[in-house]
Amino acid sequence: MGITVGILVGAIFEPLIALLVLFRVVLPCKKMSPFFRWFSIIILIILALRPLIFALIGEDISYPKLSPFFIEFTGTLFCSIVVFTFFVLARDIVVLFSKLWGKFSSRKSLSFSLGANFIIPTLAIAVILSFYGNYNAHLMPIVTEYTVESKHLPSSFDGLRIAYIADIHAWHGRRRAFVQSVVDITNEQKCQLVLLGGDYLDGSVEDMGDALLPLKDLHSKYGTFAVPGNHEYYFGYAEWKKFFEEKLNIPVLINQHKFIEGYNGQIIFITGISDKFAKKIGEEVPDVRRAMPVFGYHVFNILLSHRPGNAKENNKLGIDLQLSGHTHGGNVCYASDLIAYFNNGFVSGRYDLSNMTLIVSRGAGYWQGFAERLLEPAEIVVVTLRCKK
């Protein structure tokens, strides 16, 4: 599969955070009891070595075939440590600025020790937030509705309802029953078109193919169309594309377009592109211009692009509606701005650009490497198209 962001985060970031807490908090704290000190050291060592344990026992850091409970429990503990580390760093910054302020004024600088009175409540808050976030991650996706108006929309598609599902992330801890629930919720919306936005799985066809079979049961007048996400390229892209098209009867659009036809021969286009990770494994890289239909007049065009970061470029190309995912809405509210920064300012919800509308789904599932959702619930997006008068 090669080196991925998830592997780098796990192999570098987790040990660094654990070591920071160890040398900044645990070892310097003189009033900590010997039992609690050694207990903290053992927990931090386990968390620091978690990526190595995954690699040695689970075969793959990004897709460890270990107990789902162990994966999520240790992941939630690590998330608690990350939140606690932010509290510690925030405290250090406040104290530093207070001391600097005290040197240039007559006011006494602020001072509060990094002792039990600080550690216990902040660690408790961090643990509660993280386990609550893990609980939220397991909830079924909500339905989020949008209405998009366009002067390019043919009258026969006025009122067309589109279901958009991204980032299901089925894995060995969340298999067929979850995917079936997503399908059931989607079918309840009675949409005329279903579009899938990538990252359906974490695993090979052999391991996870059965989990996605419920996608065959998605019902709509105009059918279902899909594009790959980056995770499809991690786990045997060619096999997954074949599985989608031959077992699920769902076309996978790789720099291609399809059209659906209403009455009087009126049509709209669905254009799909690959994910940029394709370049790393020698597959076809995303190319919106190549994927789009060529006409002498404007035809309403929906673009499926797993990542939202290309939206500003696509805004100039005659796209009317872009549907994306990938970001998970940042997973937790305090990370949304950071995730938006790495995706050209797009993280979740609706963005009305000058020539098109971008809708970024928070995703229907969660990646098992970060099973957290805090104020960023999983969702299935439903878009109703309307003719602009």
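Residues numbered from 1 in each chain as written. Predicted model: local features only at pLDDT ≥ 70, side-chain atom pairs only at ≥ 80, totals over all residues. Heavy atoms only, no water.

The next point concerns the side chain of serine 130. Here serine 130 is to be found in helix α4 (residues 116–137). A relative accessible area of 0% places serine 130 in the buried class. Of the polar contacts made by the side chain of serine 130, one reaches the backbone oxygen of alanine 126; its length is 2.9 Å. If near-sequence neighbours (up to four positions away) are discounted, serine 130 is found in contact with Thr76, Cys79, Ser80, Val83 and Glu372. (Helix = DSSP H or I, 4+ residues; strand = E, 2+ residues; numbered from the N terminus. Buried < 20%, exposed > 50% of the residue type's maximum accessible area, 1.4 Å probe, protein only. Polar contact = N/O pair within 3.5 Å; in protein donor to acceptor, adjacent residues only side chain to side chain. Contact = heavy atoms within 4.5 Å.)

Soluble globular proteins tend to bury their nonpolar side chains together. Core analysis: the largest hydrophobic core is formed by 36 residues, its most contacted members being Ile165, Leu196, Leu212, Leu215 and Phe244. Of all the secondary-structure elements, those providing two or more residues to this core are β2 (161–165), α5 (176–188), β3 (193–196), α7 (230–234), α8 (237–246) and β11 (379–387). The element contributing the most residues to this core is α5, with 5 residues. Not counting chain neighbours up to four residues away, the residues in contact with phenylalanine 244 comprise Leu196, Tyr200, Leu212, Leu215, Ala226, Asn249, Ile250 and Val252. Membership of the second largest hydrophobic core comes to 26 residues, among which are Phe157, Ile162, Leu193 and Val381. (Core = buried A, V, L, I, M, F, W, Y, C linked by side-chain atoms within 4.5 Å.)

Let us now look at the layout of surface pockets. Looking at the second largest pocket, its volume works out to about 360 Å³. Lining the second largest pocket we find 18 residues, and of these Glu149, Ser150, Ser354, Asn355 and Met356 sit closest to its centre. Every element with two or more residues in the lining of the second largest pocket is listed here: β1 (142–150) and β9 (349–352). Considering each element in turn, the lining of the second largest pocket owes the most residues, 3 residues, to β1. (1 Å grid on protein atoms, 1.4 Å probe; cavity = no way out; pocket = protein on both sides within 12 Å on 5 of 7 lines; lining within 4 Å. Points joined across faces, edges and corners; volume = space filled by probe spheres on them.)

So, about the pattern of salt bridges. Applying the stated rule across the entire model yields 10 salt bridges. Here aspartate 92 ties to arginine 24 by a salt bridge, and the two come within 2.9 Å at their closest N and O atoms. Taken together, the positions of aspartate 92 in helix α3 (residues 68–103) and arginine 24 in helix α1 (residues 5–26) put the pair 68 residues apart, joining distant regions of the chain. Its relative accessible area of 28% is what places arginine 24 among the partly exposed residues. A salt bridge links arginine 350 to aspartate 352; the nearest nitrogen and oxygen atoms lie 3.1 Å apart. Arginine 350 sits in the partly exposed class, given a relative accessible area of 34%. Each member of the salt-bridge network shares a partner with another, and the members are Arg24, Arg91 and Asp92. (Salt bridge = Lys/Arg side-chain N within 4 Å of Asp/Glu carboxyl O.)

This part covers α4. Between its terminal C-alpha atoms α4 stretches 31 Å, which fits the 32 Å expected from 22 residues at 1.5 Å a residue. Among all positions of α4, only Phe118, Ile119, Thr122, Ala126, Ser130, Gly133, Asn134, Asn136 and Ala137 are buried. Here the buried residues of α4 occupy an arc of 160° about the axis, which is enough to place them on one side. Across from the buried face of α4, at angles greater than 90 degrees, the exposed residues are Asn117, Ile120, Ile128 and Tyr135. (Expected span 1.5 Å × (residues − 1). Arc of directions from axis to C-beta.)

This paragraph deals with the sheet that holds strand β7 (residues 301–304). Pairing is mixed in the open sheet, where 6 strands are placed in the order β5-β6-β7-β8-β10-β9. Every other strand in the sheet has two partners, leaving β5 (256–261) and β9 as the edge strands with one partner each. Strand-to-strand twist of the sheet, defined as the mean angle between neighbouring strand axes without regard to direction, takes the value 20°. One ladder, built from 6 bridges, connects β5 with strand β6 (residues 267–272); its direction is antiparallel. Bridging across to β6, glutamate 261 finds its partner in isoleucine 267. (Pairing = 2+ DSSP bridges. Axes fitted to C-alpha atoms, helices over the stretch in contact; angles between N-to-C directions.)

What the 5 strands build is an open sheet, ordered β1-β11-β2-β3-β4; its pairing is mixed. This sheet does not close on itself; its edge strands, each paired only once, are β1 and β4 (224–226). Within the sheet, the average angular offset between the axes of one strand and its neighbour, ignoring direction, is 20°. Note that β2 and β3 share 4 bridges and pair parallel. Within the sheet, the bridge partner assigned to tyrosine 164 lies in β3 and is leucine 195.

With that out of the way, let us pick up the side chain of asparagine 315. With respect to the helices and strands, asparagine 315 occurs in the loop between α10 (311–314) and β8 (321–324). Side-chain polar atoms of asparagine 315 contact the backbone nitrogen of asparagine 355, separated by 2.8 Å.

Positive phi, close to 55°, is recorded for aspartate 167, a residue that is not glycine. Tracing the backbone through its elements, the reader meets aspartate 167 in the loop between β2 and α5. What makes aspartate 167 buried here is its relative accessible area of 0%. Notably, lysine 190 is not glycine yet its phi reads approximately 50°, a positive angle. By relative accessible area, which is 66% here, lysine 190 ends up exposed.

To continue, consider empty space enclosed by the protein. Under the definition given, this model contains 2 cavities of 30 Å³ or more. Roughly 70 Å³ of internal volume is contained in the largest cavity. Forming the walls of the largest cavity are Tyr200, Val227, Pro228, Glu232, Tyr237, Trp240, Lys241, Phe244 and Val252. The element contributing the most residues to the lining of the largest cavity is α8, with 4 residues. Class assignment for the residues of the lining of the largest cavity results in 7 nonpolar, no polar and 2 charged. A volume near 50 Å³ is recorded for the second largest cavity. Forming the walls of the second largest cavity are Ile71, Glu72, Gly75, Thr76, Asn134, Gln368, Gly369, Phe370, Ala371 and Glu372. Among the elements that take part in the lining of the second largest cavity, α3 stands out by supplying 4 residues, more than any other. In the lining of the second largest cavity, the residues fall into 3 nonpolar, 5 polar and 2 charged. (Nonpolar A, V, L, I, M, F, W, Y, C, P; charged D, E, K, R; others polar.)

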